[in-house]
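Here are the chains, one letter per residue:
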Amino acid sequence: MQIKYDFHSHSTASDGTLTPSRLVARAADMGVHVLALTDHDTLEGLEEARQAALEHDIRIVTGAEISVTWNGQTVHIVALGIDPANQGLGTGLQKLVEYRHWRAAEIGRRLEKHGISGAHEGAVALSNGRLVSRTHFARFLVGAGEARDMRDCFKRFLVRGRPGHVSGEWATLEEALGWIYDAGGHAVIAHPARYGMTRTKLRRLIGEFQELGGEAIEVVSGSHSKDECYTMARHAKDFDLHASTGSDFHTPENQWVELGRLMPLPVGCKPVWELLEA
Ligand code: AMP
Ligand code: MN
Ligand code: MN
Ligand code: MN
């Protein structure tokens, strides 16, 4: 039997809309055998996911998607197989969550100046007391009729040059990889085709990541086109890195991205699960 892996997903612990239990149940329904829960900058959903997995035919890989600033740009690093009790990792992520709280208030102030009131309170309410992400702002703004849909909302309010944009001040690549390896995990560059980098710049990122101990890149991603998957497979082979696969599922409301609905890793890729099983 072919084992189905999905190594990138979100729950209500960050900006997903399903609780960890419901996420795990849905993944099992979709035929996923091994699921990594990789919430942004937090491990809070992992214990509930582990408990839920006991009731389904599914295994949970502990994970997180760590926000990093590299060369003035935000890059996401997926951590897999980390020990959730590790102190260094916990303290590092806590700093990012605190920055998120400050940033959320700042986004609110900037939108206020732009004539949109109540966005901070609205985003916080949608986050259910967990960390606040731009996704919560976008959900609030779409609900308030300020934008047609999520994509339109990001484009109009939340990206560089727009009224609600605040430059990220996240972990350095070195810090993030340090935390991951201290916690016994493996580091993966998330959705490398999403950063809008030139080929040269992306390869510089991959090179620095590898020098710091990074072992894998997401080759197959719910946010990559088929062509982008093949291009990323090429980079993985050139650098002799492992290849990961993940939907980046956030919500059943996005009909384009579903748990476990991923093309197979291109031929010749070294699957990242070999690292986890080793
Ligand atoms: P943050 O980490 O709070 O800056 O928020 C980043 C999150 O926003 C990503 O993980 C995505 O879930 C979401 N996001 C970014 N760009 C878009 C977009 N164009 N449409 C919908 N969601 C987006
Ligand atoms: Mn997200
Ligand atoms: Mn991401
Ligand atoms: Mn993600």
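Residues numbered from 1 in each chain as written. Chains lettered and ligands numbered in written order. Predicted model: local features only at pLDDT ≥ 70, side-chain atom pairs only at ≥ 80, totals over all residues. Heavy atoms only, no water.

Let's talk about the packing of aromatic side chains
Counted under the stated rule, the structure contains five aromatic pairs. Ring centres 5.6 Å apart and planes at 75° place the aromatic pair Tyr5 and Phe7 in the edge-to-face group. The pair Tyr5 / Phe7 is uniform in exposure class, with both members buried. Each ring, one from Phe7 and one from Trp273, has its centre 6.1 Å from the other, and the planes form 75°; the classification is edge-to-face. Remark: Trp273 occurs in helix 10 (residues 273–277) and Phe7 occurs in the loop between strand 1 (5–6) and helix 1 (20–29); sequence separation between them is 266 residues. By the burial criterion, Phe7 is buried, and Trp273 matches it. Ring pairing ties together the aromatic residues Tyr5, Phe7 and Trp273, which thus form one cluster. (Phe/Tyr/Trp six-rings, centres within 6.5 Å; stacked < 30°, edge-to-face > 60°. Buried < 20%, exposed > 50% of the residue type's maximum accessible area, 1.4 Å probe, protein only. Helix = DSSP H or I, 4+ residues; strand = E, 2+ residues; numbered from the N terminus.)

What about the sheet that holds strand 2 (residues 34–37)?
Strand order in this open sheet of eight strands is 1-2-3-4-5-6-7-8, and the pairing throughout is mixed. Taken across any chain shown, the strands that pair with only one partner, and hence form the sheet edges, are strand 1 and strand 8 (270–271). Pairing between strand 1 and strand 2: two bridges, direction parallel. Bridge pairing links Tyr5 to Val34 in strand 2. Most of the contacts of helix 8 (residues 199–211) go to strand 5 (residues 186–189), to which it runs at about 175°, and overall it touches strand 3 (59–70), strand 4 (73–80), strand 5 and strand 6 (216–221). (Pairing = 2+ DSSP bridges. Contact = heavy atoms within 4.5 Å. Axes fitted to C-alpha atoms, helices over the stretch in contact; angles between N-to-C directions.)

Concerning the layout of surface pockets
For the largest pocket, the calculated volume is near 2000 Å³. Contributing elements (two or more residues each) for the lining of the largest pocket: strand 3, strand 4, helix 3 (87–113), helix 5 (134–143) and helix 6 (150–158). A total of five residues in the lining of the largest pocket trace back to one element, the largest contributor, which is helix 6. For the lining of the largest pocket, a count of residues per class yields 10 nonpolar, 21 polar and 13 charged. Viewed by domain, the lining of the largest pocket spans two of them, domain 1 (5–86 + 176–277) and domain 2 (93–158), each represented by three or more residues. Taken as a whole, the second largest pocket spans an internal volume of roughly 260 Å³. Lining the second largest pocket, in full, are Gln2, Ile3, Lys4, Tyr5, Thr245, Gly260, Leu262, Met263, Pro264, Leu265 and Trp273. Its residues assigned to classes, the lining of the second largest pocket shows seven nonpolar, three polar and one charged. (1 Å grid on protein atoms, 1.4 Å probe; cavity = no way out; pocket = protein on both sides within 12 Å on 5 of 7 lines; lining within 4 Å. Points joined across faces, edges and corners; volume = space filled by probe spheres on them. Nonpolar A, V, L, I, M, F, W, Y, C, P; charged D, E, K, R; others polar. Domains from an automatic or database assignment.)

Things to note about the coordination of the manganese ion (ligand 3)
Ligation of the manganese ion (ligand 3) by protein atoms is provided by Glu65 (OE), His76 (ND1) and His191 (NE2), these donors lying 2.1 to 2.2 Å from the ion. Positions of the donor residues of the manganese ion (ligand 3) along the chain correspond to the pattern E-x10-H-x114-H. The two metals, the manganese ion (ligand 3) and the manganese ion (ligand 2), are separated by 5.6 Å. Residue Glu65 is found in strand 3, and its partner His191 is found in the loop between strand 5 and helix 8; the two are separated by 126 residues along the sequence. By relative accessible area, which is 7% here, His191 ends up buried. (Donors = N, O, S within 2.8 Å, 3.2 Å for Na, K, Ca; no water.)

Some words on the coordination of the manganese ion (ligand 2)
Within the first shell, the manganese ion (ligand 2) binds the protein through Asp15 (OD), His40 (NE2) and His250 (NE2), at distances of 2.1 to 2.2 Å. Since its relative accessible area comes to 3%, Asp15 is described here as buried. Given a relative accessible area of 18%, His250 falls into the buried group.

Observations regarding the UniProt feature "domain: Polymerase/histidinol phosphatase N-terminal" (unreviewed entry) in the protein
Residues annotated in UniProt with the feature "domain: Polymerase/histidinol phosphatase N-terminal" (unreviewed entry) correspond here to residues 5–70. Spanning residues 5–70, this segment combines 27% helix with 27% strand, and its end C-alpha atoms are found 28 Å apart. (UniProt positions renumbered as here; feature names shortened; annotations may be inferred.)

Observations regarding the state of the cysteines
Put plainly, a disulfide is one covalent bond tying together the sulfur atoms of two cysteines. Tallying each qualifying case throughout the model produces zero disulfides. Unpaired in terms of disulfides, Cys269 finds its nearest cysteine sulfur in Cys229, a separation of 9.5 Å. Exposure remark for Cys269: the relative accessible area of 14% places this residue in the buried category. (Disulfide = S-S within 2.5 Å.)

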